[in-house]
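Chain residues, written in single-letter form:
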Amino acid sequence: NNIILSGSPTFTVGSGGIIDFYSGDKFLANTVGTMEFRSAQDLTINSSSSGTIKTSQDLTIESSQTITLKVGSSTITISAGSITIKSAAINFTQG
C-alpha cells in the first residue's frame, strides 16, 4: 500500500525496517547514518546530467570479477590478476 504525505515528513525505522521514498516517479533517499543499497539483480544508476560520488574518508568499490571505468571508447578494466588500459592515446602528466 502507498502512503502519500506532504511537507517534509521524518521517519524513524527500527532494526531491519525497509522504506522506499519516492517523489512522483523519482526514488529519493536520505540518511544521517549508514545507507546500504541491495539488489538481487543488476543495479543501474543513470543520470541525464553530471554525477558525483563524494566521501570525506575512504571509498572502496569492490567486485568479485571486474571493475571497468569507461569514457567514450577508452576503458580501464581491473580484475584480480591484471589492470588493462585501452585508449587511442595515453598521456602521463606529472604535476
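Below, the structure is looked at part by part. (Residues numbered from 1 in each chain as written. Predicted model: local features only at pLDDT ≥ 70, side-chain atom pairs only at ≥ 80, totals over all residues. Heavy atoms only, no water.)

Describing the side chain of threonine 75
In plain terms, the rule: For helices the rule is a DSSP run of H or I covering at least 4 residues; for strands it is a run of E covering at least 2, with both sets numbered from the N terminus onward. When a residue's accessible area, from a 1.4 Å probe over protein chains only, is under 20% of the maximum for its type it is buried; when over 50% it is exposed; and in between it is partly exposed. Any two residues whose heavy atoms approach within 4.5 Å are treated as being in contact.
As for its placement among the helices and strands, threonine 75 is situated in strand 4 (residues 74-79). The exposure class assigned to threonine 75 is buried, which follows from its relative accessible area of 16%. Those residues in contact with threonine 75 that sit more than four places away from it in its chain are Thr68, Leu69, Lys70, Thr84, Ile85 and Lys86.

Notes on the sheet that holds strand 5 (residues 83-86)
Backbone hydrogen bonds hold the strands of a sheet together, and the pairing may be parallel or antiparallel. Applied cut-off: Strand pairing is assigned whenever DSSP identifies at least 2 bridges connecting the two strands. Axis definition: a line fit to C-alpha positions, over the contact stretch in the case of helices; interaxial angles, taken between N-to-C directions, run 0 to 180 degrees.
Pairing is antiparallel in the open sheet, where three strands are placed in the order 3-4-5. If you trace the sheet from one side to the other, it starts and ends with strand 3 (66-71) and strand 5, each paired once. Here the strands of the sheet are splayed against their neighbours by 10° on average, with no regard to which way each runs. Here strand 4 runs beside strand 5; their pairing, made up of four bridges, is antiparallel. Note that in strand 5 the partner of isoleucine 76 across the bridge is isoleucine 85.

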